[in-house]
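# Chain and residue survey
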There are 2 protein chains.
Amino acid sequence: MEGVASEAASLAGHLQLGKIVYVYDDNRITIDGSTDLSFSREDVARRFEAYGWQVERLEKGHDVEALHDALRRAEDEVERPSLILARTQIAHGSPGKQGTAASHGAPLGEDELRATKKNLGWPEDAFFLVPDEVRERFAEVRARGEELEAAWRERFRRYAGEHPDLAAEFERVMEGRLPEGWASSLPVFAPDNGPLATRSASGKVLNALAPVVPELVGGSADLTPSNNTELKGEPWLSAAQAGRNIHFGVREHAMGAVLSGLSLHRGLVPYGGTFLVFSDYMRPSIRMAALTGLPVVYVFTHDSIGVGEDGPTHQPVEHLTSLRAMPNLWVFRPADANETAAAWRVALERRDGPTALALSRQKLPVLRGDGTAPAESALRGGYVAARESGSGDPAMVLMATGSEVSLALEAREILEKEGIRTRVVSLPCLELFQEQDETYRNDVLPPQVRARVAVEAASSLGWERYAGDGGAIVALDRFGASAPGTVVFEKLGFSAAQVAARARALL
Amino acid sequence: MEGVASEAASLAGHLQLGKIVYVYDDNRITIDGSTDLSFSREDVARRFEAYGWQVERLEKGHDVEALHDALRRAEDEVERPSLILARTQIAHGSPGKQGTAASHGAPLGEDELRATKKNLGWPEDAFFLVPDEVRERFAEVRARGEELEAAWRERFRRYAGEHPDLAAEFERVMEGRLPEGWASSLPVFAPDNGPLATRSASGKVLNALAPVVPELVGGSADLTPSNNTELKGEPWLSAAQAGRNIHFGVREHAMGAVLSGLSLHRGLVPYGGTFLVFSDYMRPSIRMAALTGLPVVYVFTHDSIGVGEDGPTHQPVEHLTSLRAMPNLWVFRPADANETAAAWRVALERRDGPTALALSRQKLPVLRGDGTAPAESALRGGYVAARESGSGDPAMVLMATGSEVSLALEAREILEKEGIRTRVVSLPCLELFQEQDETYRNDVLPPQVRARVAVEAASSLGWERYAGDGGAIVALDRFGASAPGTVVFEKLGFSAAQVAARARALL
């Protein structure tokens, strides 16, 4: 019944994934009772046929021989995924509970367990009993598996002798190691080449990495031209051909699940794109990736009210905080093209969890930095983007992420002119910044400086952690509005003058 | 392609919602290009037939007469929802762009617009032109509508004469007014009757209100026995009968959308239940309700690691913060049975947006309160649940929500015995507390008392707002674990002794 199952089945049918076999344990029971209560009219076989699946009906779902034969036939079908509709009975064999919802979420209980064993001709006092016949069968299966594995290893050994480079490459990607020196292919963006949306920068980074990181595969949930996720010149995956570019269709939730599957398979570094506001559609998939510790990359573009005319339905507000609250997910919101390169570097080097990139639709200036290159500094999750004039502690610290960093830099100009010695700190990835040692963090954000303003065009929730009791937060605790992005920014409080005013008021 | 569309269509088929008619603008174009790129093999007609829909194929989707006839036939079919597959062409009539993805997200442009008008035999220089023939036709339609409305009003006037009580009741529910004195039916729970899970209390509240608030309708996404959402003795909605209880099936996302639809219809106060962790599945629906300002109630039970054995996949961690970050959504996490009654009161009295209730799986003591009834105090979103001993400012404030309030009360006992004058503040609804006047808020949380500990078995993100620079946060910035709930609580830092230790360390 879950929508994600429909999305995934539809995509599998489209791609003719003949190796997929579902066994549908069709016991007609849900927690609430019979499936008739909420699922009375649906012809599941017909639905899957409509998705382009082979469907087999197995009236006796508990007949192991029949199931075995059906699985063989499903294996033989290589051009379509297969669904085996196995008509079963929940708690089969339990005289008092079989076929009822009572056995769905609760144990049978001792008496019923005993009655069930008796009914099935099983020794009533035995627990965790493995009959000799089963033990012998499993020993056979193990021996066969060992033989097959040894044969495969021998085959790979021979292959490695003939193709040492390809074999080493195979082992590299399967172990999840990036190629030596890959990061030197990351582009460096010059401020003089003009402003660039971070989504565009992301597309350039991806395309610069594609030749040197061949395990990079991905796509978009039908927003390819907007997410800039296409690897140019690479083939598109289809039923007819392999390819590193994937059209996921308008199926964000399944896309997230597919990315996790690709990552679990190993040998691939998967990424997937949609608008940040639609990350909501795939949160359960993101959570599973975070919980499972999968290095998946989410390319979430159109990351604020800067989206403009599409209006509040398409303007994320709560999403940054919502994603940051998720354990083991890193959220990276780069301020410019070079921070975007750093974001990709962090995301690809991370081996134990997913990273979400929040990227702007609108163009942003390429930052000049403060002696060190932003791309280097951003690898620490937070850094001084512009130092205060003079020496000693700054009088004011402006903290921002993404598109609001350039805004903070403009506000700094205003404040410095008024003699307020102002530092701008870019905090593209709070999770990564928190991992830095205390000395570094205190160097970037001196604890004794309490006049701080956090600026982010999103929910304020969570920013007190950095702004502190003495600080202010310029954020957005309402839904956005439909107008050109620059107008929405200005009207909702995000201009250099307004940020400067909030800062000034703190002193 | 979106999963929610599948869920909704499946449910509509099950309920035989014959009044639903979809016109599928089957132009075979998505943003990425032809639907063949991601949707090549699906037989949509067959899929909807499998859901139990009537399906009509309209090869000439731009033939208005044919569409009109198809709509009439769809109206005539009252036992099944109807899908009209209208084969259309995107940007129909545009010689350069028709049938291409280029016309999906961008305007045609002046030249192409002119060419299109010419091609369609339309005056090339006219903008916003309404031909006389169309104007006359619309005038007819308006006149017919006025007649129909007048007839309906007359019918209702006669009905009101014959059945004044029923007519008044109809007007009351359509205007969204609750019945006079309804709140006096809210149950009051006595501490002496023993502990009670807030999900159980919620079920009792719902059932106490059901007879006096007949517009209350709802159900669960196949977790009825766990969510306690059943109105006992009321019929279940099915194709065969009307009913206030709804089996949504395992379809959280569609459930959220249906609740919004019921609310927009007016005359009904809808609620829907699932586990808090599965609120992720329905976030886009929750967001639409918040954005549209719909008074929908979400019953999210199993609200913490207290879920226990089901483990991290079923234990929410980031969800409270994630939901609190959403504009115009109120999150109410009651500490006991009486706060649960207050939560329902707040949720039903709210007219301009949705409320999410976060309810415990595990039993919680019914609080004795501090002179005033918790149910009354909780209506302000935050209140003093236990006052410090003696007079003057407390030395310590423990703040908590939900199941952690009783934990804070236990910790208070420990601290008071050590001479640390400790106040416990229950903060069941932060959004509501923020709406109180400053005097009240400062009375509950004296700004001069900086020794504060926030306790919530969920993400810490956002709690700095209340704990402040001088405070501490006892929270959970990792996924949970599978073990009995009491064990998980203790192991992850949630015991009275550990809370007391964190408090003590602040002094």
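Overview of the structure. Small disclaimer: the values here were computed from a predicted structure and weren't measured.

### Remarks on the overall build of chain A
Regarding its fold elements, chain A presents 19 helices and 18 strands. When its C-alpha atoms are laid out on the principal axes, chain A stretches across 90 × 60 × 45 Å. A burial count over chain A gives 54% of its 507 residues as buried. Put simply, of all contacts in chain A between residues at least 6 apart along the chain, 72% involve residues at least 24 apart. Carbon together with sulfur atoms contributes 52% to the accessible area of chain A, which is approximately 22,100 Å² in total. Within chain A, one finds 55 positive and 71 negative side-chain charges whose respective centroids are separated by 2 Å.

### Remarks on helix 12 (residues 337–349) of chain A
Residue and element names in this part refer to chain A. The end-to-end C-alpha separation of helix 12 is 19 Å, in line with the 18 Å expected for 13 residues at 1.5 Å each. Most of helix 12 sits out of view: 11 of its 13 residues are buried. Structurally, the start of helix 12 carries an N-cap: the backbone nitrogen of Asn 338 is 3.1 Å from a side-chain oxygen of Asp 336.

### Section: the relation of the copies chain B and chain A
Between the two copies, chain B and chain A, the superposition gives an RMSD of 0.0 Å; the rotation angle is 180° and the shift along the axis is 0.0 Å. Look at the turn and shift together and you get a two-fold axis relating the two. A share of 100% of the interface residues of chain B reappears at the interface of chain A, consistent with the copies meeting face to face through the same patch.

### Quick word on the packing of aromatic side chains
The description of an aromatic ring pair rests on the distance of the ring centres and on the angle between the ring planes. The tally for this structure, following the rule as stated, stands at 29 aromatic pairs over all chains. With a centroid separation of 6.4 Å and an interplanar angle of 65°, the aromatic rings of Phe 433 of chain A and Tyr 440 of chain A are classed as edge-to-face. Neither residue differs from the other here; Phe 433 of chain A and Tyr 440 of chain A are each classed as buried. Grouping aromatic residues by their ring pairs yields a cluster made of Tyr 22, Phe 48, Tyr 51 and Trp 53 of chain A. Its end group placed over the ring of Tyr 440 of chain A, Arg 380 of chain A keeps NZ or CZ at 3.8 Å from the ring centre. Positioned above the aromatic ring of Phe 127 of chain B is the side chain of Lys 117 of chain B, whose terminal nitrogen or guanidinium carbon lies 4.0 Å from the ring centre.

### Observations concerning the sheet that holds strand 12 (residues 355–358) of chain B
Residues and elements named next belong to chain B. Overall, parallel pairing links the six strands, which are arranged 8-7-9-10-12-11 in an open sheet. A single partner strand is all that each edge strand has here, and the edge strands are strand 8 (245–247) and strand 11 (330–332). In this sheet, neighbouring strand axes are inclined to one another by 20° on average, regardless of whether the strands run parallel or antiparallel. Sheet strands in contact with helix 13 (residues 337–349) are strand 7 (216–220), strand 9 (269–275), strand 10 (297–301), strand 11 and strand 12, and its direction is about 160° off that of strand 11.

### Here we look at the interface of chain B and chain A
Contacts between the two partners involve 74 residues from chain B, matched on the other side by 74 residues from chain A. Carbon and sulfur atoms supply 55% of the area that chain B and chain A bury against each other, a total of about 6,400 Å² over both sides. Run the count over chain B and chain A and you get 10 salt bridges. Put simply, Arg 450 of chain A and Asp 469 of chain B hold a salt bridge, and the shortest N to O gap is 2.7 Å.

### Some points on a nonpolar patch on the surface
Together, Leu 113, Phe 127 and Phe 128 of chain A make up a nonpolar patch on the protein surface, roughly 390 Å² of accessible area in all. With respect to the secondary-structure elements, Leu 113 of chain A resides in helix 4 (residues 110–120).

### Observations regarding the nonpolar core
Inside soluble globular proteins, nonpolar side chains tend to come together where they are buried. If you look at the biggest cluster of nonpolar residues, it comprises 84 residues, and the most contacted ones within it are Phe 332, Trp 344, Leu 348, Leu 398, Met 399 and Phe 494 of chain A. Of all the elements, helix 12 of chain A adds the most residues to this core, at eight residues. Once residues lying within four places of it in the same chain are set aside, the contact partners of Phe 332 of chain A are Glu 339, Ala 342, Ala 343, Val 346, Thr 355, Ala 356, Leu 357, Ala 358, Ala 378, Pro 428, Cys 429 and Leu 432 of chain A. Ala 201, Ile 305, Ala 343 and Ala 483 of chain B belong to the second largest nonpolar core, which has 83 residues in total.

### Quick look at the pairing of strand 16 (residues 422–426) of chain A
Along any regular strand the residues' side chains alternate between the sheet's two faces. Residues and elements named next belong to chain A. Most of strand 16 is tucked away, with five of its five residues classed as buried. Residues Thr 422, Val 424 and Ser 426 point to one face of strand 16 and Arg 423 and Val 425 to the other, with burial holding for every one of them. Sheet analysis places strand 14 (residues 383–386) next to strand 16, joined by three bridges and oriented antiparallel. Note on strand 16: the bridge partner recorded for Ala 386 is Val 424. Note that strand 15 (residues 396–400) and strand 16 share five bridges and pair parallel. Counted as the bridge partner of Val 397 is Arg 423 from strand 16.

### Overview of the pairing of strand 12 (residues 355–359) of chain A
Residues and elements named next belong to chain A. The buried fraction of strand 12 amounts to five of the five residues, a majority that puts the element mostly inside the structure. Residue alternation in strand 12 divides its side chains into two sets, Thr 355, Leu 357 and Leu 359 and Ala 356 and Ala 358, and both sets are buried. With five bridges connecting them, strand 10 (residues 297–301) and strand 12 associate as parallel partners. Bridging across to strand 12, Thr 301 finds its partner in Leu 359. Relative to strand 12, strand 11 (residues 330–332) is paired through three bridges, and the arrangement is parallel.

### Considering the environment of Val 188 of chain A
Residues and elements named next belong to chain A. Mapping Val 188 onto the fold places it in the loop between helix 6 (164–175) and strand 6 (196–197). Judged by relative accessible area, Val 188 falls into the exposed class, the value being 73%. Taking the C-alpha atoms as reference points, Val 188 and Ala 337, 149 residues apart in sequence, are found 8.2 Å from one another.

### Brief notes about the packing of helix 1 (residues 3–14) of chain B against helix 10 (residues 252–265) of chain B
Residues and elements named next belong to chain B. Packing of helix 1 against helix 10 leaves a shortest axis separation of 8 Å and a crossing angle of 70°. Here helix 10 runs roughly perpendicular to helix 1, going by the angle between their axes. Contact residues: helix 1 offers Val 4, Glu 7, Ala 8 and Leu 11, while helix 10 offers Glu 252, His 253, Ala 254 and Val 258. Residues that form the contact of helix 1 with helix 10 fall into these classes: five nonpolar, one polar and two charged.

Conventions used here
Residues numbered from 1 in each chain as written. Chains lettered and ligands numbered in written order. Predicted model: local features only at pLDDT ≥ 70, side-chain atom pairs only at ≥ 80, totals over all residues. Heavy atoms only, no water. Helix = DSSP H or I, 4+ residues; strand = E, 2+ residues; numbered from the N terminus. Buried < 20%, exposed > 50% of the residue type's maximum accessible area, 1.4 Å probe, protein only. Contact = heavy atoms within 4.5 Å. Areas by Shrake-Rupley, 256 points an atom, 1.4 Å probe, with all protein chains shown as cover. Lys, Arg positive; Asp, Glu negative; His and termini not counted. Charge placed at Lys NZ, Arg CZ, Asp CG, Glu CD. Expected span 1.5 Å × (residues − 1). Polar contact = N/O pair within 3.5 Å; in protein donor to acceptor, adjacent residues only side chain to side chain. Least-squares fit on C-alpha atoms with pLDDT ≥ 70 in both. Phe/Tyr/Trp six-rings, centres within 6.5 Å; stacked < 30°, edge-to-face > 60°. Lys NZ or Arg CZ within 6 Å of the ring centre and 35° of its normal. Pairing = 2+ DSSP bridges. Axes fitted to C-alpha atoms, helices over the stretch in contact; angles between N-to-C directions. Buried area = accessible area lost by both parts, 1.4 Å probe. Salt bridge = Lys/Arg side-chain N within 4 Å of Asp/Glu carboxyl O. Patch = residues over 30% accessible without salt bridge, like charges linked within 9 Å, V, L, I, M, F, W, Y side chains within 5 Å. Core = buried A, V, L, I, M, F, W, Y, C linked by side-chain atoms within 4.5 Å. Parallel < 35°, antiparallel > 145°, perpendicular 65-115°, else oblique. Nonpolar A, V, L, I, M, F, W, Y, C, P; charged D, E, K, R; others polar.

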